[in-house]
Amino acid sequence: MDSWEKLKQECLACRRCGLCETRTHVVFGEGPQDAEVMFIGEGPGEQEDLSGRPFVGRGGKLLDDMLELIDLSREKVFIGNMVKCRPPRNRTPEPDEIAACLPFLRAQTALIRPQIIVLLGATALRAVLGPQMRITRDRGRWVERKGVWMMPMFHPAALLRDESKKRPTWDDLRQVRDKLEALHG
Ligand code: URA
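The paragraphs below set out a description of the structure included in this document. (Residues numbered from 1 in each chain as written. Predicted model: local features only at pLDDT ≥ 70, side-chain atom pairs only at ≥ 80, totals over all residues. Heavy atoms only, no water.)

## Comments concerning the site of the ligand
- Taken together, G41, E42, G43, E48, P54, F55, N81 and H155 make up the full set of residues adjacent to the ligand.
- Take G43: an N or O atom from its main chain is 3.0 Å from a nitrogen atom of the ligand.
- A distance of 2.8 Å separates an oxygen atom of the ligand from a polar atom in the side chain of H155.
- Computed on the free molecule, the ligand has an accessible area of 240 Å², of which 88% lies beneath the protein chains in the complex.
- A per-class count over the shell around the ligand returns two nonpolar, four polar and two charged. (Near = heavy atom within 4 Å. Polar contact = N/O pair within 3.5 Å; in protein donor to acceptor, adjacent residues only side chain to side chain. Areas by Shrake-Rupley, 256 points an atom, 1.4 Å probe, with all protein chains shown as cover. Nonpolar A, V, L, I, M, F, W, Y, C, P; charged D, E, K, R; others polar.)

## Description of the packing of aromatic side chains
- Scanning the entire structure with this criterion turns up three aromatic pairs.
- With centroids separated by 5.8 Å and ring planes inclined at 90°, the aromatic side chains of W4 and F78 adopt a geometry described as edge-to-face. Taken as a pair, W4 in helix α1 (residues 3–12) and F78 in strand β2 (residues 78–81) lie far apart in primary sequence, 74 residues in all.
- Look at F78 and you get buried, because its relative accessible area is 0%.
- An angle of 85° between the planes, with centres 6.1 Å apart, marks the rings of W142 and W149 as edge-to-face.
- Grouped by ring-pair contacts, the aromatic residues W4, F28 and F78 constitute a single cluster.
- Over the face of the ring belonging to F154 we find K165, whose NZ or CZ atom lies 5.2 Å from the ring centre.
- The cationic tip of K179 hangs over the ring face of W142; the distance from NZ or CZ to the ring centre is 5.0 Å. (Phe/Tyr/Trp six-rings, centres within 6.5 Å; stacked < 30°, edge-to-face > 60°. Helix = DSSP H or I, 4+ residues; strand = E, 2+ residues; numbered from the N terminus. Buried < 20%, exposed > 50% of the residue type's maximum accessible area, 1.4 Å probe, protein only. Lys NZ or Arg CZ within 6 Å of the ring centre and 35° of its normal.)

Shown next as structure tokens:
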């Protein structure tokens, strides 16, 4: 079994936090193991919990459209979450749940070695870059960490609730497209 498959098996059997008690499926994430771009959301919702796949509900449909806007698709990027199991009633994951799950995301990132990580929403932004971060203030601004470019962006669910967040998000997506082009030289 290769390291990726080993990590996946470990994750699928995980009981490191209380979310394992109520989950239907662990949502490990999906996409190529050599993806140049990773999109990181908060955690599985109902449809994701039932299917075991990330971003398959309404927000997922919108994420597909967002990818298409910059000539990307699910087949080209890795899509994952801060926590791999659904928080009951879609509540925000607790800090101890995020801490318990973070090693899986770190291991995924170490194996994929993406050039760009898009942090979707406040939970992913603050868990990865620190609690001082604010999504409304910090979205659209690149942060570089150990050679990886990180772009905080509104979560698709926020766009569904508030249409006015779409236009700035298209700008942020275009920055991702431009950065990919620049990295390709
Ligand atoms: N919202 C998320 O943050 N992740 C999913 O996988 C689905 C909805």
